Structure formats: C-alpha cells, structure tokens
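Breakdown of the fold
Residue strings, one per chain:
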Amino acid sequence: MMIKKEMIAMLLAGGQGSRLGVLTQKVAKPAVSFGGKYRIIDFPLSNCINSGVDTVGVLTQYQPLRLNAHIGIGIPWDLDRNVGGVTILPPYENSRGSDWYSGTANAVFQNLEYMESYNPDYVLILSGDHIYKMDYEVMLDYHKANNADVTIAVMPVPLEEAGRFGIMITDENSRVVDFEEKPKNPRSNLASMGIYIFSWPVLREALIALQDEAGCDFGKHIIPYCKEKNQKLFAYEFNGYWKDVGTLTSYWQANMELIDIIPEFNLYEEYWRIFTKSDIIPPQYIADTASIEKSIIGEGTEVYGTVINSVIGAGVTIGRGAQIRDSIIMRETVIGENTKINKSIVAENTKVGKNCEIGIGDFKESTYDKRVYDADLVTIGEKTIIPDGVKIGKNTAIMGDTVPEDYPNGELPSGDAIVKAGGLK
Amino acid sequence: MRAIGIVLAGGNSKRMRELSNKRAIAAMPIAGSFRSIDFALSNMTNSHIQKVAVFTQYNSRSLNEHLSSSKWWDFGRKQGGLFVFTPTITAQSSDWYRGTADSLYQNLTFLKNSHEPYVVIAAGDGIYKLDYNKVLEYHIEKKADITVVCRRVEDTEDITRFGAVKINDDGRITEFEEKPMVTDANNISCGVYVIRRRQLIELVERCAAEDRYDFVKDILVRYKNLKRIYAYRMNTYWSNIASVESYYKTNMDFLKKDVRDYFFNQYPEVYSKIDDLPPAKYNPGCNVKNSLISSGCIINGSVENSVLFKTAYVGNNCVIKNSVVLNDVYIGDNTVIENCIVESRDTIRANTTHIGKPDDIKIVIEKNERYTL
C-alpha cells in the first residue's frame, strides 16, 4: 500500500532570530514564549492541524533542545499519527559528507527523501516565526483553482512600509508578474508572508536544479528560478492578522495587542484554537494584596502585587508590593517583593530580587548592540538572576547569573548590557 | 507491578442536591482546573500503578468525556492502561451495579485476568495525595487481609456521612460502623482499601452467593472480627466532596496558600485533561481579590474570595463574592452573586442577584439564551 498525502508542510524552525537579542541566546526563535502560555511555533502548528494538514516536517538547527522537548511526538496538536504527524528534521550526515542547513531551500532540499516518502501533490512551506491564524486549505483551493505551480501568500502593507518586505507585483488575475526584495520605490504593497504552496514536481525540480546554490533560499533563489522558467506564480491575498515578531519591539507590541478589550488577534474564539504543550494545569491565584488591570495571565501563576497592561506567563510568582507595568513576564519567573518593572521583557525561569527598579531613566543608544536594542525596552534573558535592590535603565540587556558586583553603584545605566557567557555549572 | 487499581466512581449522593443532576460526583469540578477523579487517578499513576479500572454508573456522560483519553494520567501504555466499566447486559445478568461489592463481582474477569498480587481500591470523590505503595508496604508488614486508609475526624465534620472506625494499638480495626448517627469512634475511613487480589475475588464471590452487594457493610463490617483488617493512618490533607457543604469548603480550601502549595507545587503533581484554553484576561475595571481564576476566564467586574472555573465570563460591575463559579458560565453585567455555587454552563442575565448564606450555600441554575458575538 502506497502512502499518499495530498499536502504536507515543511516548517522552517532552524533560525536563531538574532534580532531578539538575549531572548534567543539559548533557544531558537520558534521556541520563544508568546502570549502568556504559548510558544511562537504553536501558531503555524495549530494552523496546520486546524487546516487538515496532518503531516509536518519541522526543520531545526539552531539550539533545538527546547523546541524538541516542546514538540515531542506532537500530542498537543493531535499530530501524533500512525501515518504522517510531526517529524523533527535536523541536519544529518550522509555519504556525501555533513552539511548544516545553509538556507531555507537548502534545508528543504536536504529532506527530499522525507517529502518523497509521503508522495504529496503539494508542499506547503511555512516559517516558525509569525503570529497568525490562517486556513491553508483555502489557500490550497486557490492554488488548485488557478492551476498554479506556486502560490505565494501576500498581505497588503502600507506603501511606506513596503520597503521592508519582499514585494510581489501582480496582474489583474493576481498572477505574479514581477517581484522585488526590499525595494526603495515599491511598485506594489503586497508583501510576501514567507508562506508558499508548491506543486510537488515543480518544487522538486527547482530544489534539485539549485542544489549547489550556496545558501539556497526560497525568496532569493527558488521563486526567481520558477519565475524564469515561466511557471505559474500566483499571489494569495491574506487580510487577517499576521505579525512578524522578529524584533524586540514587534515582539513586545504583538504581545501587548493581546490585552486590548477585544483584541484584533482573538485567542478566545471557540473555533481555530491554538494548541500548546500545557504542563502547568492549576488555576492562577490572585491574592487580596494584588491589583490587576488590563492584563492576561497564565495558569498556576500567583500574584501578590500589582500588574498593569502586561502579559504574564504560567507558573510565575509576583511578590507583594511588586509593580509590573507594560511588560512581558514569561513562565516560572519569580519577581521579588516591592520590585518595580516597567516596559520590560523578562524571559523564562528568571529570578528578580526584591526592591529592584527596572526600566527607569531615559532612553540611551545601546553600547552593546545597536542593531538589536533600539527601543526603550529592558530585555532579560532566561534563567537570569538579578540581585536585590538594583536599578536598571532603559534599552538594556541582561543575561546570566548576575551579582551585585556587576552593578557599579547598584545600577545598570540605560543603553548598557550584562551578558554573561552562560557556561555549564 | 505489584498492584492494579480500581476507582469507584459510580455513586451519587442526595447531599449534592441539584449538583448531581448533571454528573457523577467523581466528575465534579474541583479547584478551578481539576475534576474530583483526577486526584485518585493521579495518585494511582504517581504510585506507579499502570492498570486502572474506573467503575461508573450514575450519570456518567460527563465523567466519560473527561476520561475520553487515558494519556493525561499517563495510562496510555501498551502494558496496562485505563479501563472504564459500566454495567452491561450479559447472558447471566442484566442488573445495574447494586452496590460496590456487586460492581466488583460484575467485573470479576478484570480481577481474574490480572496477574498483579494486590488491588488498590479508591473512591472517586476524595481530594488528597497519597502514595499507595506506602499503604501497600504497611499492609504487608501488618500481614493484613484488608487495609483501610483512615484519618482522625475533625469536629466540624459530619460523621454520619462516613464509616467510623475504632483502632487498637496495633492498628487493627476493632469496630466499624457505617454512617452512624452517633458514635464515640474518632477515626473515619477514607474509602481507600488495599487487599490481595485472590482474597478480594474470594470475598466478592462469597458475597454474591449470599446476595450481598456492599463492600463496606457486607465485607468490612461483617468480616472485621474474622479477617485482619488494619487501618493505615493518613494525616495529610483529605476531603470528601460528596455533600454541597464539603464541596464548597473543599474548593475554598484552595484559597489557602498551604493547600495550594501542597497540591500544586509539591511533588508529585496532580494531572488532568488539557483543555487548550487561552490565558485568563483581566479587562479594565476588574477587581480581583483572594481568588482562583482558571484559564479562558474573562473578567470585567469584581471577584472576591471565590473560585472561578474555566472560561467563566464576568460582566461589567458584577460583584462575585464567596462563591464557586463552575465551567463556562456567563455572568451578565451588574450581577451580584454571593455565597453561591453557580452550576456549569449557566447563563445569568444582567442585573440579577443571587445571595446565599455562609451556612446555606445557594446553588444557582439559570439557563438563558446566550448571545455570542
């Protein structure tokens, strides 16, 4: 009996996401927490199962431990299947040698055999770093209706922002006639979302033809190649919520949008649930000393202090007298008593001492990494320890087991960073 | 593995009043995110008992839905697993379970086909953590025929709901009264028993031959002088939820830090079915004090000294006080609820008032059309 899946998905989850700074120092970007209980990869994985795509290859490379532990055999997404389901696909050694994944398309090429084993008609290419809900089945119907070879999901963006994206220029039938990467003077406002459906023979041919291309990439190589060969490329316009969380500011904003009274990205809808590995089950406890306003809070968290305009993960403890404002606190982090945190991102399993003031003073340009840290956010990496009573300025980064000596005058001025090479202890 | 597990979850109690209209007691929601039976099942799995049967009978839809997959308690194994036995019509019998001993008798094949030497029998309406291996070790050490988990009764407890036991210095049970009106015994049975499998088969078969059906009345009480029945004393948290008062009190107990720490933060964990609900959401104007809030809740009003189960919606200007609000309840704006248990899936209209008394908790059942956007 021959195995046959109409469409399988290849989910690119190997990137570091270096613009998330210390948040991705030890985990791949798709495994970064989001929205109080999820991880970023939950969104494309949930979209897959909700769209009826039950065969997903997850391509991992950078720091895959957390990602592997999270995905497991796919139980939370019902992707534990007899045939298909989720498969983690790390780079591997073969008789030709051993190559890391050098680009998005190269990673998919190296797993040609995986795809072939399912004998698909179509292959869906996804990336693990966007927050959105999308029915891939509708996109597939569109692909079939157009008799397309490649369908590229696009979304209209304001023309002034179009220069940040790959832009598709289409004719009146939505057929892609041209495209430009990050154009200075964009000719269209349709930005590629990095989501593609390929007819399998077309993808297979292109991957093999370009196998020696260094850093072979879908946007840079595969799509231009298909265009050159006069394949039928169509743009599928998507008008729902879609958010790239590739920078600290956009990551922070996307989290903050969840606390609006009726959020544009609504997690509370009955249908199209977002699934995740929920290992913390108990309810959250809000003490009589607590005060909460406009926030979302995950399971098992205990709040004794004040939380305003914030996204709090599961299993967090917020001590008495603490004040959390405009911040993201990820799972199992402990915030000491009377500590004030303003506009910060605090990653998982961090311990913040008592009487600290975090996110104070004025913005200063980063002395550590201007490219990554360019806003008034404080970013604290996972498993960080912050001693009692320190003051931390804006646009700062902290990672590792810090001690009072790391804070001259008990202070980390705006724009500075303490990043300790987190070796094994 | 040394033991198989049996969870008795078929029961109903008049003392649950309207709350039992919808479900068996073992399926009662507890502490925001759990159901009563999760505690017995988690104890089983945490005691490395891999083969567990749940006997259900009364209104079992809700319970069966909860047990639809055994993976949550890690029973999804090739060896052992979770079995759910409801009464069935066979060539020999078309009876319901006429009692706990009868339910064991009707599933004698399960007992006979197992190879584990011991059986742990637990009720589905107890809220506690217990390593059944410790009971088993005690059972072996005492060379007991049956070991009953017991605890000292507290003054506040209504002893007429329990089996009252007297224990001698060696730990042997010398007197056992089932639900006495008045007693001078100060220990009660927690409804957890350890017994050798062959012994259980023999006792249950003899019971059936004599048309007797109840494990407590017809086995424990009758045999207490003939068989060596021992009490294993438990002194950690234990609560039986089979009355409205104790159900309410048990939920409120979880507002205490020591109770939460014991159940939620100390090894071993209590497991439950995962519902994939979003985090709880606190909108402007909400005011929450000393309360447990579960995932999927959306809160706009005031909540104080209360336990809100999953996906409860609290409208603007509501005041919820000293109450237990079960799953998926919608509470319209300006509503006041005090000293109540609000039944699951209720839809309460705006501007409604429901006030019970601290010693007479009101059960709110209000089914209205719900408007959803």
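Residues numbered from 1 in each chain as written. Chains lettered and ligands numbered in written order. Predicted model: local features only at pLDDT ≥ 70, side-chain atom pairs only at ≥ 80, totals over all residues. Heavy atoms only, no water.

1. Remarks on the overall build of chain A
Defined as follows: Put simply, DSSP marks the helices as runs of H or I at least four residues long and the strands as runs of E at least two long, and each gets a number from the N terminus on. Every radius of gyration here is taken over C-alpha atoms, with the globule rule written as 2.2 Å times N^0.38, N being the number of residues. A contact between two residues is defined here by any heavy atoms of the two lying within 4.5 Å. Residue exposure ignores everything except the shown protein chains as possible cover, and the areas themselves are Shrake-Rupley values with a 1.4 Å probe.
Across its full length, chain A carries 8 helices and 35 strands. For a compact globule of 425 residues, the expected C-alpha radius of gyration is about 22 Å, and chain A comes in at 23 Å, within 12% of that figure. The principal-axis extents of the C-alpha atoms in chain A amount to approximately 65 × 50 × 50 Å. For chain A, the proportion of contacts with a sequence separation of at least 24, taken over those separated by at least 6, is 58%. Summing over all exposed atoms, chain A offers an accessible surface of approximately 17400 Å²; the carbon and sulfur share of this is 47%.

2. Thoughts on the environment of A:Gly194
All names here are of chain A. Mapped onto the fold, Gly194 is located in strand β13 (residues 190-199). Through-space distance from the C-alpha of Gly194 to that of Ala214 is 20 Å; in sequence the pair is 20 residues apart. Not counting residues within four places of it along the chain, the set of residues in contact with Gly194 comprises Ile125, Leu126 and Ser127.

3. Side note on empty space enclosed by the protein
Formally: A cavity here means a set of points on a 1 Å grid, drawn over the protein atoms and nothing else, where a 1.4 Å probe fits but cannot get out; a pocket is an open set with protein on both sides within 12 Å along at least five of seven lines, and a residue lines either one if it has an atom within 4 Å of a point. Grid points are joined across faces, edges and corners, and a volume is the space filled by probe spheres set on the points. For this classification, Asp, Glu, Lys and Arg are treated as charged, while Ala, Val, Leu, Ile, Met, Phe, Trp, Tyr, Cys and Pro are nonpolar and the rest, including Gly, are polar.
Scanning all chains against the criterion turns up 3 cavities of 30 Å³ or more. Roughly 90 Å³ of volume is contained in the largest cavity. In this structure, the largest cavity is lined by 13 residues; those nearest its centre are A:Ile281, A:Glu299, B:Ile274, B:Asp275 and B:Lys310. Tallied by class, the residues present in the lining of the largest cavity amount to 4 nonpolar, 3 polar and 6 charged. The calculated volume of the second largest cavity comes to roughly 50 Å³. In this structure, the second largest cavity is lined by A:Leu23, A:Val27, A:Ala31, A:Val32, A:Ser33, A:Arg39, A:Arg66, A:Met330, A:Ala347, A:Glu348 and A:Glu382. For the lining of the second largest cavity, a count of residues per class yields 6 nonpolar, 1 polar and 4 charged.

4. Some thoughts on the pattern of salt bridges
Residue and element names in this part refer to chain A. Note the threshold: One speaks of a salt bridge when a side-chain nitrogen belonging to Lys or Arg is within 4 Å of a carboxyl oxygen belonging to Asp or Glu. Here the term buried applies to any residue with accessible area under 20% of the maximum for its type, exposed to any over 50%, and partly exposed to those in between, with areas from a 1.4 Å probe on protein chains only.
What the rule picks out here adds up to 49 salt bridges over all chains. Glu180 serves as the salt-bridge partner of Arg187, at 3.5 Å between the closest nitrogen and oxygen. Overall, the relative accessible area of 17% leaves Glu180 in the buried class. Between Arg331 and Asp279 there is a salt bridge, with the nearest N and O atoms lying 3.3 Å from each other. With a gap of 52 residues between them, Arg331 in the loop between β24 (328-329) and β25 (334-335) and Asp279 in the loop between α8 (248-256) and β16 (284-286) connect regions that are remote in the sequence.

5. A look at the interface of chain B and chain A
Where interface size is given, it is often the accessible area lost as the parts come together that is meant. Keep this limit in mind: By definition, the buried area sums, over both parts, the 1.4 Å-probe accessible area that each loses when the two are put together. Pairing of N or O atoms within 3.5 Å defines a polar contact, subject to two protein rules: one partner must be a possible hydrogen donor and the other a possible acceptor, and residues neighboring in sequence count only if both atoms are side-chain atoms. Strand pairing is assigned whenever DSSP detects at least two bridges linking the two strands.
Counting residues at the interface gives 36 residues for chain B and 39 residues for chain A. Approximately 2900 Å² of surface area, both sides summed, lies buried where chain B meets chain A, with 56% of it carried by carbon and sulfur atoms. If you sort the residues of chain B by the area they bury against chain A, B:Asp276, B:Pro279 and B:Tyr282 come out on top, with a joint share of 23%. Our enumeration of links across chain B and chain A arrives at 2 salt bridges. The partner of A:Glu302 in a salt bridge is B:Lys257, and the shortest N-O contact between them spans 4.0 Å. Counting across the interface, chain B meets chain A through 20 residue pairs in polar contact (both at pLDDT 80 or more). At the level of secondary structure, the elements contributing two or more residues to the side of chain B that touches chain A comprise α9 (257-265), β14 (280-282), β15 (287-289) and β16 (291-293) of chain B. A breakdown of the residues in the side of chain B that touches chain A according to their chemical character gives 19 nonpolar, 9 polar and 8 charged. Relative to β14(B), strand β18 (residues 295-297) of chain A runs antiparallel, the two sharing 3 bridges.

6. Remarks on the nonpolar core
Within soluble globular proteins, side chains that are nonpolar tend to cluster in buried spots. We apply this condition: As used in this record, nonpolar core signifies buried Ala, Val, Leu, Ile, Met, Phe, Trp, Tyr and Cys residues forming a set joined through side-chain atoms within 4.5 Å.
Of all hydrophobic cores here, the largest spans 76 residues; its most connected members are A:Met134, A:Ile195 and A:Tyr251. Setting aside anything within four residues of it in sequence, one finds A:Tyr251 in contact with A:Leu20, A:Leu23, A:Val32, A:Ser33, A:Phe34, A:Val245, A:Ile328, A:Met330 and A:Ile345. Formed by 48 residues, the second largest nonpolar core is a distinct cluster that contains A:Ala290, A:Ile398, B:Ala312 and B:Val342.

7. As for unusual backbone geometry
Peptide bonds are mostly trans, and most non-glycine residues show a negative phi. Omega for the bond connecting B:Tyr267 with B:Pro268 falls within 30 degrees of zero, at -5 degrees, which places this linkage in the cis form. By secondary structure assignment, the location of B:Pro268 is in the loop between α9 and β14. One non-glycine residue, A:Asn119, lies in the positive phi region at around 50 degrees. With respect to the helices and strands, A:Asn119 occurs in the loop between α4 (112-116) and β8 (122-127). Owing to a relative accessible area of 26%, A:Asn119 belongs among the partly exposed residues under this scheme.

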